[in-house]
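Spelled out, the chains give:
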Amino acid sequence: MIGIRAGRYRHLCVRFTHTSTVPKLYLNNVELSGNDLTGIPTHELFTKFGFINHPKPGLVHWLPVGLAISQNVSRVIHRRMRECNAEEINLSLLSSSQLWQETGRWDNSELFKLKDSSKNDFCLVATCEEEITKLIGANLNSYKNLPLLYYQINEKFRDEKRPRSGLLRGREFLMKDAYSFDLNEEAAMKTYNKVVDAYYKIFQDLRIPFVKADADTGEIGGTLSHEWHYLHKVGEDTLFTCDECGNSSNIEKALSYPEDVDDSVDASVQYFMTKDKSTLVCAYYPTDRTIEASFVKEEVPDLDLNETNQDSILKEFSDEDTLISKKIIRMMDSRLNSRSNFPDFPIKFINRSLITTLTDIPIVTAVEDEICAKCEEGHLKLHRAIEVGHTFYLGDKYSKPLKCEVEVPNQDGSQQLTNVLMGCYGIGISRIIAAIGEINKDSTGFRWPSVIAPWNVTVVQSPKFDDSKGIKVYNLLNAASISYRLDDRSKIGLGKKIKQSHMVGIPLTVILGNQFPLVEVEIRGRRYTDDLSWKRLYESRDFEWEVVTDADGNDIKHLVHIDGVARAINSLLIDM
């Protein structure tokens, strides 16, 4: 009886082996002629191949192949965020206008705004600083609860006026956003650096070379921020990298000095004033360059950048009777000198003792080959880049207006109410997918890193291949936890299935045919390391394994005995 039951059990295992197959509508509408896909915009390939669908410009339906890639990117992020002790949450995508009014951000033109049946105003969140700050403020009952670090992965929305380039600039997008809460600046910076370390690991896991760049805090606010970029010609951002010290900065943060100063240069001026209206700043710069207001603010931190009307600013300093209580700062860009052609000074009969002159200050946006202001040795090189992440140290920008605060004991035993200090950290998952698709695309199609590919192996069978032999292959792939899909479409030929697997960007294609028990493995994925893992296994193998190379010595095909096929595939995927 035992032998009979065992025999029946083995029969059932074979009969009900699970075989993963390609999605039902896999490449259902692909009608591409020719072999060269480089002329087709990347965002069009995403829709032609059925990764995603755009029901309206800027909106996204995620189909099985695209959804699998996004889930794999999310899986990488989940792992690294949990390693730095971040807790996962999921906040509502609707946010009350009251919170955004309290922080001064309700007038943002990119918010999708709507009213409920009671005429209350809400928005679809583009980011969640308001909601998370209010939530933590309502639940934080002791400074001993700190530090806190939360993250979520979900859709966000913005009313993008000109959605374009598919996933790169849409009205809805997949995003990982995280928020930290600390008691003091030292602890807050420790958390910030911990998350930055996690970002390094995330982008290293994704395989594509990346750049961390100094950045302006922009609309989010705060005092420190870094952007995370992939360098590519389609990028909308401009980065400068020093060829000596290696520092990278967004164009809004790249300070530079000129190689030489032209004595005959014409100067223009832009006027600013401080928030208390006590100081006029006259910022002089070369007429043919672009002034960067944030650079002026670096020298005068209390500058009011919201007031830009030049006549209104000068009017505050037009009354001679009140000038004695005011100050004037003349700031000269480093590309100017005393022999430059300056415009007339706008204020007459001013006591010169009230004027302070600052010279050799870089206040215009950099251009390529100027001297790096960080090291003052190297020269700046310009790159186009795709922003895929951003980290901010916010301080109390949100905790102060939303009263996210705790009582902290003083040395004398008294209690002091203190604003919690915050950081926020974003990664654009849909932008990562779009960027990697763009960077890795070639004339054949996409080439996904194995860690985020929708699956790692496409299996195709020749028409006369014995299905019972295939069962053994699928059992081995399942047992080795290899992500695969069998292309079982009956009306598609073997050659076209292989070609389409390459187009979609699957790293490996396994071909089951008349050479069985030798299994043919075709290489599609890129190699990201020089020390190829498969070679070490190949040199110590105890099974039949033949390697086919191209004219440059690169392996393009492997013929592997069924007994070692799972081990060989895993060793090939390690470097892809």
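Residues numbered from 1 in each chain as written. Predicted model: local features only at pLDDT ≥ 70, side-chain atom pairs only at ≥ 80, totals over all residues. Heavy atoms only, no water.

The chain carries the name proline--tRNA ligase in an unreviewed UniProt entry, which gives Debaryomyces hansenii as its organism. Here is the UniProt Catalytic activity (unreviewed entry) comment for the chain, exactly as written: "tRNA(Pro) + L-proline + ATP = L-prolyl-tRNA(Pro) + AMP + diphosphate". Recorded in UniProt for the chain, the comment headed Sequence similarities (unreviewed entry) runs: "Belongs to the class-II aminoacyl-tRNA synthetase family." (UniProt positions renumbered as here; feature names shortened; annotations may be inferred.)

**Re the overall build of the chain**
Scanning the chain from N- to C-terminus turns up 13 helices and 28 strands. By its C-alpha atoms, the chain is 110 × 60 × 50 Å across when sized along the principal axes. Looking at the chain as a whole, 50% of its 576 residues are labelled buried. Contacts in the chain between residues at least 24 apart in sequence constitute 73% of all its contacts with a sequence separation of at least 6. When the accessible surface of the chain is split by element, carbon and sulfur atoms take 47% of a total near 28600 Å². The distance from the centre of the 70 positive side-chain charges to the centre of the 83 negative ones in the chain is 10 Å. (Helix = DSSP H or I, 4+ residues; strand = E, 2+ residues; numbered from the N terminus. Buried < 20%, exposed > 50% of the residue type's maximum accessible area, 1.4 Å probe, protein only. Contact = heavy atoms within 4.5 Å. Areas by Shrake-Rupley, 256 points an atom, 1.4 Å probe, with all protein chains shown as cover. Lys, Arg positive; Asp, Glu negative; His and termini not counted. Charge placed at Lys NZ, Arg CZ, Asp CG, Glu CD.)

**Here's the deal with the packing of aromatic side chains**
For the coordinates displayed, the defined rule picks out 25 aromatic pairs. With 4.9 Å between their ring centres and 40 degrees between their planes, Phe46 and Phe446 make a pair best called tilted. Here Phe46, found in helix α2 (residues 42–48), pairs with Phe446, found in the loop between α9 (429–440) and β23 (457–461); they are 400 residues apart in sequence, far enough to count as distant. Considered together, Phe46 and Phe446 belong to a single accessibility category, that of buried residues. When the ring of Tyr192 is compared with that of Tyr425, the centres are 5.9 Å apart and the planes differ by 45 degrees; the resulting orientation is tilted. In this pair, Tyr192 is assigned in helix α6 (residues 185–205) and Tyr425 in strand β22 (residues 421–428), connecting sequence segments 233 residues apart. (Phe/Tyr/Trp six-rings, centres within 6.5 Å; stacked < 30°, edge-to-face > 60°.)

**Quick look at the environment of Glu44**
When you line up the elements, Glu44 lands in helix α2. In sequence terms Glu44 and Val457 are 413 residues apart; their C-alpha atoms lie 24 Å from each other.

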